[in-house]
Amino acid sequence: MAGAALQLRTIAFNARRCRLRHLGRKVDMCTAEATASLLQVEETFSACLARIDALILKPLLQAEPSDQKGKENFKLFLLLNDRFQALWNLTEENYRTLKQKCSTSESFCIQDFYTIWKRDLYLSLYIQYFVTFANYVVVHGFEHATKSKSEAWKQHKTVLKQFLTDFTSETSMSLALYMVLHKPIRDHIEQYILLLTKLNEVLKEGSEKDVVTSAIKEYVNLESFISQVLDEACFTKSLWKSLSYKFTDMLCVPERRLLEDSKNLPISASTNRSDRILLFDDVLVVIQGNSFQSFDLKLVWVDENCREKSAPGPYVLRIITPEETFFLSAKDPQIKAVWQWKLNQAVRQALNGKRDFPLWGETGEGNEPPSCRFFTYVFRLDGKFKSATYEGEWHWGKPHGKGTLKWHDGRNHVGDFKEGLEHGFGICLVPRRSEDRYDCYKCHWYEGRMRGYGICEGERYIGTWLDDHKHGQGIVVTQSGVCYQRIFHADKMVGSGILLLEDDSVYEGNFTEDLMFVGKGKLSFANGFTLEGTFTNKSGQGLQTHGILNTSNEQLDERITKAQLGLEEFPVEKRWKGIYDQFLEFIHSGCKEETEESFMGFHIQTSKELRKSQEYLFCQRGTEDVSWKIEDILEELVQHQGQKSLQSYLEKALKSSLHPLGKLLKALMIAFQATYSGIGANRHLLTMAQEEVKYYAKKIWEFYQGLLHLALEQKGQLPAKFVDGDTSDEKACSVVLPLILPCFYPELFMLYMLYHEREDDLYCQGIVDLSLFPDIKLLEFLDVQKHLWPLKDLTLTTNQRRSLIKDKCFLSATECLQKLITTVDPREKLVILQKTYEEIESTVSRVVEKDYKLPMDDLLPLLMYVVSRAKIQHLGAEIHLIRDLMDPTNQGGLYDFLLTALESCYEHIQRMRLHQRENGHVTHSS
């Protein structure tokens, strides 16, 4: 009801006052007479309110009841008293202001009338009072109040006679009290209207007359509002009298209003035997004998076009709720139409959180409530979701879109839903009974069951699913670091597989779920030994084998030592097809809004308020300047086809959670993090991850082209068939990959570090050894030609010798190379490497006092000096990430040459450390 109050206030308070001050026109004597009349009216009304306060309200406030129902009503009466006092205070303020004006004989302006320039406040206070008053009426507040046994009430009949001219001995105390607390106030509003009307008649056409006319209209609307509010309250109060205490105790709420009753407008429900249908402003109630069902209107859908054979007649409405569907049957089309209109109005107003004004008789904002909604509901009936709480999006009574399911036992599911079932990408947590841990399933769902590519944690399963079971090829990564690849059938392992142990031993053959070797197999140790034969595990006897042990100490095959899983079994094109297929469907449909709903569970029809409440679901939606309307997106696409403009546009689009490409990227981020973070950070999955990121860039570029094609086609600028260029992969790598790489870099670089951990350890040990050398000794040790030594850079004090100075030579190049770790973009890393080379060459040119182009024989020792002084951790991971993800167009050019040189330095430093181990001292191997 408070929402209707907002509709009565159409001119802002501050704006109105400012406007009136600038009118500058003085009113004539008629206005002065109107002011005097208003002064008298306010004086009389203020005195009346004072008497009501002293003789009625104060005694009632002293008679606090002891029973629970009475206490609840008393709290409501306290609120009513507060609203009364606010009205009284405003009246007193207006009276004092007018009186002061009259006593000083000042000229009168329209702004002197509180009822005009403060009418927003007036309207608000009157509405609050009568809404609270109506709530008190609904719960039989006056009946409870007059039953008080307080001594003060013995005099009340005499007191009430002073206020009511038609008071008789037959008049009930509750009715008399009801009249006293609302009739004088309603009469006072009528006096305001009369005074303003008289004033308006004498005003000339102009701004002042317009303002007064507007004020009269708003006070007339207020009068109508009060009348409707009180009629609704009495209508609802009569209902509670007609129902049993059992129903009243559970259904009677002060704010609840009855909108329609099947006893007044006959209609019946198909749910077994229905005695009565009650439509309130928040719930639909079906009474059946001694029980009833209540349906929250926010989750009620009304289908008028019901053609089901089970429909109980021609004039029916199908009522759809989350767990029940039933019919309302009318005897004629007129009754059906009225119920349909009132139901739709009530549902729409419940979703908006406010009532229309006028309350009856007009269609308000529109007949049809939205079919797509956001709400929280607890499932009650037997079924898959029994006792679960669903919070998310709904469509025609079923979870549809993004949502979250939570059970009391700790299970929960977050993801996409379609027509009431899990469908699309989802994350499901299932607590283990015997352990304080969870199994986490992150995969695609189809009609309520896991199907297709996905993963599972506690341990991590990466593979395919069929009807909630591991089925087909799969990879399992355990928390202990063990990783294996196997074929599954209905959750059971079948056939042989590959088991990669933490110490880099590799077993190929059959093994149990407890990872015990069994049957024929081959075990390859990290030191190069191999054991091939038959393995058995007997209780108490450990692992036994019959076979051949090869101790030739040959270096393990590179394929085994750097084993990468899933490449043949899960080609990158077959991973996360569900995400791509939904986006492809969206484009092929012409980017229709309803298709976008299915591809990301994102409803275009929902209001901004509902969108805000969905921010926690997968993507954070903040204030963005990218329009979410697809027609605006397509229009903007066409305007950004140039290289620089395109780069800027894609960067903005991919950051936006409201742009289709941004939504796609968010979904891919979730899938990537679910696979390769935490337990999934296993070096045996590096190539899978690296391929996946590059494929993401390729698909995003393809979908961008698809959107652009559609946009141009709609403008008639392209033929029906769009011919893709030969440089699609290059564009994906050069344009898209640098933009999306930061989203995947933390997980991806962790895999690179794990994969190159041993080489990086050897390199770091070599760096530690080389850091012990002073500059001149290190230059000499690395065979840098003496005429290239930058001795001029070694500024000495009297107590220093050149042979002891450290970290001074080639300082600018060293500081430049250290910036390699400050960026994630392979392009920028290569630019840093080029600048390092230029700094080395610049220093050498200054030393030899002429331009000097470094040949490879000179560059390598100088670069190795800079690398040893830069002390970059995980340099091997950095080099290989650049090599794998750099723009293919750079291969064979300067960047490729410099990266190869850096790689040579890295490997050289490792070999020096190996030689030191063999010889017991640092040696230099060219």
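Visitor: In this structure, what is going on with the packing of aromatic side chains? I would like to understand it.
Guide: Two aromatic rings, taken as a pair, are described by how far apart their centres are and by the angle between their planes. Tallied over the entire structure, the rule returns 43 aromatic pairs. Aromatic side chains Phe84 and Tyr129 sit 6.4 Å apart centroid to centroid with 50° between the ring planes, which places their arrangement in the tilted category. Placement of the pair is Phe84 in helix 4 (residues 68-103) and Tyr129 in helix 6 (residues 119-138), with a sequence separation of 45 residues. Judged on exposure class, the residue Phe84 and its partner Tyr129 are both buried. Grouped by ring-pair contacts, the aromatic residues Phe77, Phe84, Tyr129, Phe130, Phe133, Tyr136, Phe142 and Tyr178 constitute a single cluster. In this arrangement the basic side chain of Arg373 is found over the ring face of Trp301, its NZ or CZ atom lying 4.1 Å from the centre. Above the ring of Phe511, the side-chain terminus of Arg486 is found at 4.4 Å from the ring centroid.

Visitor: What is the right way to read the sheet that holds strand 3 (residues 276-280) from this model?
Guide: Overall, antiparallel pairing links the 4 strands, which are arranged 1-3-4-5 in an open sheet. Each edge of the sheet is formed by a strand with only one pairing partner; in this case those strands are strand 1 (258-261) and strand 5 (291-296). With direction set aside, neighbouring strand axes in the sheet form an average angle of 20°. Pairing between strand 3 and strand 4 (residues 283-288): 4 bridges, direction antiparallel. Bridge pairing in strand 4 places Ile277 opposite Val286. Where helix 11 (residues 207-242) meets the sheet, it contacts strand 1 and strand 3, and its direction lies at approximately 55° from that of strand 1. Sheet contacts for helix 13 (residues 333-352): strand 1, strand 3 and strand 4; angle to strand 3, the most-contacted strand, approximately 40°.

Visitor: What is the right way to look at the packing of helix 4 against helix 6 in this model?
Guide: When two helices pack together, their arrangement is given by the angle between the helix axes and the distance between those axes. The geometry of helix 4 relative to helix 6 is characterised by a closest axis approach of 9 Å and an angle of 155° between their N-to-C directions. Accordingly, the angle class assigned to the pair helix 4 and helix 6 is roughly antiparallel. Seen along the crossing, helix 4 lies across helix 6 with a hand that is left-handed. Between helix 4 and helix 6, the residues in contact are Asn73, Leu76, Phe77, Leu79, Leu80, Arg83, Phe84, Ala86, Leu87, Leu90 and Asn94 and Leu121, Tyr122, Leu125, Tyr126, Gln128, Tyr129, Thr132, Phe133, Asn135 and Tyr136, respectively. Class assignment for the residues of the contact of helix 4 with helix 6 results in 15 nonpolar, 5 polar and 1 charged.

Visitor: How do you make sense of the sheet that holds strand 6 (residues 301-303) when you look at a structure like this?
Guide: Sheet strands pair by backbone hydrogen bonding; their relative direction is either parallel or antiparallel. Read from one edge of the open sheet, 4 strands run 2-8-7-6, paired in antiparallel fashion. Lying at the two open borders of the sheet, with one neighbouring strand each, are strand 2 (268-269) and strand 6. Alignment of strand 2 against strand 8 (residues 325-329), held across 2 bridges, turns out to be antiparallel. Bridged to Ala269 within strand 8 is Leu328.

Visitor: Just checking my understanding: could you explain the packing of helix 21 (residues 686-714) against helix 22 (residues 728-755) for this structure?
Guide: Their axes nearest at 8 Å, the elements helix 21 and helix 22 cross at an angle of 155°. As the angle between them shows, helix 21 and helix 22 are arranged roughly antiparallel. Here helix 21 and helix 22 pass one another in a crossing that is right-handed. Taken together, the residues of the contact of helix 21 with helix 22 break down into 18 nonpolar, 3 polar and 4 charged.

Visitor: Got a minute to help me understand helix 19 (residues 643-655) in this structure?
Guide: Think of an α-helix as turning once every 3.6 residues; residues three or four places apart then point the same way. Taking 1.5 Å as the rise per residue, helix 19 with 13 residues should run 18 Å; its terminal C-alpha atoms sit 19 Å apart, in good agreement. Along helix 19, the residues that are buried comprise Leu646, Gln647, Tyr649, Leu650, Ala653 and Leu654. Where the residues of helix 19 are buried, they touch helix 18 (630-638), helix 20 (660-676), helix 21, helix 22 and helix 26 (826-848).

Visitor: Help me out: how do you make sense of the confidence of the model for the protein chain in this one?
Guide: Residues shown with low pLDDT carry predicted positions that ought not to be read at fine detail. Per-chain confidence: the protein chain averages 79 in pLDDT, with 81% of residues scoring 70 or above. Mean pLDDT per element in the protein chain: helix 17 (residues 608-613) is the minimum at 37, and helix 28 (residues 875-885) is the maximum at 92. Confidence drops under a pLDDT of 50 for residues 1-28, and excluding neighbours within four residues, the segment shows 63 contacts in the predicted structure. Of the regions scoring below 50 in pLDDT, residues 719-726 engages in 8 contacts with residues more than four places distant in sequence or in other chains.

Visitor: Got a minute to help me understand helix 27 (residues 856-870) in this structure?
Guide: Between its first and last C-alpha, helix 27 extends 20 Å over 15 residues, near the 21 Å set by a 1.5 Å rise per residue. The element helix 27 is largely enclosed, with a buried count of 12 among its 15 residues. Where helix 27 is concerned, the buried positions are Asp858, Leu859, Pro861, Leu862, Leu863, Met864, Tyr865, Val866, Val867, Ser868, Arg869 and Ala870. Looking at the residues trailing helix 27, positive phi occurs at Lys871, about 50°.

So, how was this worked out
- Residues numbered from 1 in each chain as written.
- Predicted model: local features only at pLDDT ≥ 70, side-chain atom pairs only at ≥ 80, totals over all residues.
- Heavy atoms only, no water.
- Phe/Tyr/Trp six-rings, centres within 6.5 Å; stacked < 30°, edge-to-face > 60°.
- Helix = DSSP H or I, 4+ residues; strand = E, 2+ residues; numbered from the N terminus.
- Buried < 20%, exposed > 50% of the residue type's maximum accessible area, 1.4 Å probe, protein only.
- Lys NZ or Arg CZ within 6 Å of the ring centre and 35° of its normal.
- Pairing = 2+ DSSP bridges.
- Axes fitted to C-alpha atoms, helices over the stretch in contact; angles between N-to-C directions.
- Contact = heavy atoms within 4.5 Å.
- Parallel < 35°, antiparallel > 145°, perpendicular 65-115°, else oblique.
- Left-handed = near helix turned anticlockwise from the far one by under 90°.
- Nonpolar A, V, L, I, M, F, W, Y, C, P; charged D, E, K, R; others polar.
- Expected span 1.5 Å × (residues − 1).
- pLDDT = per-residue confidence, 0-100.

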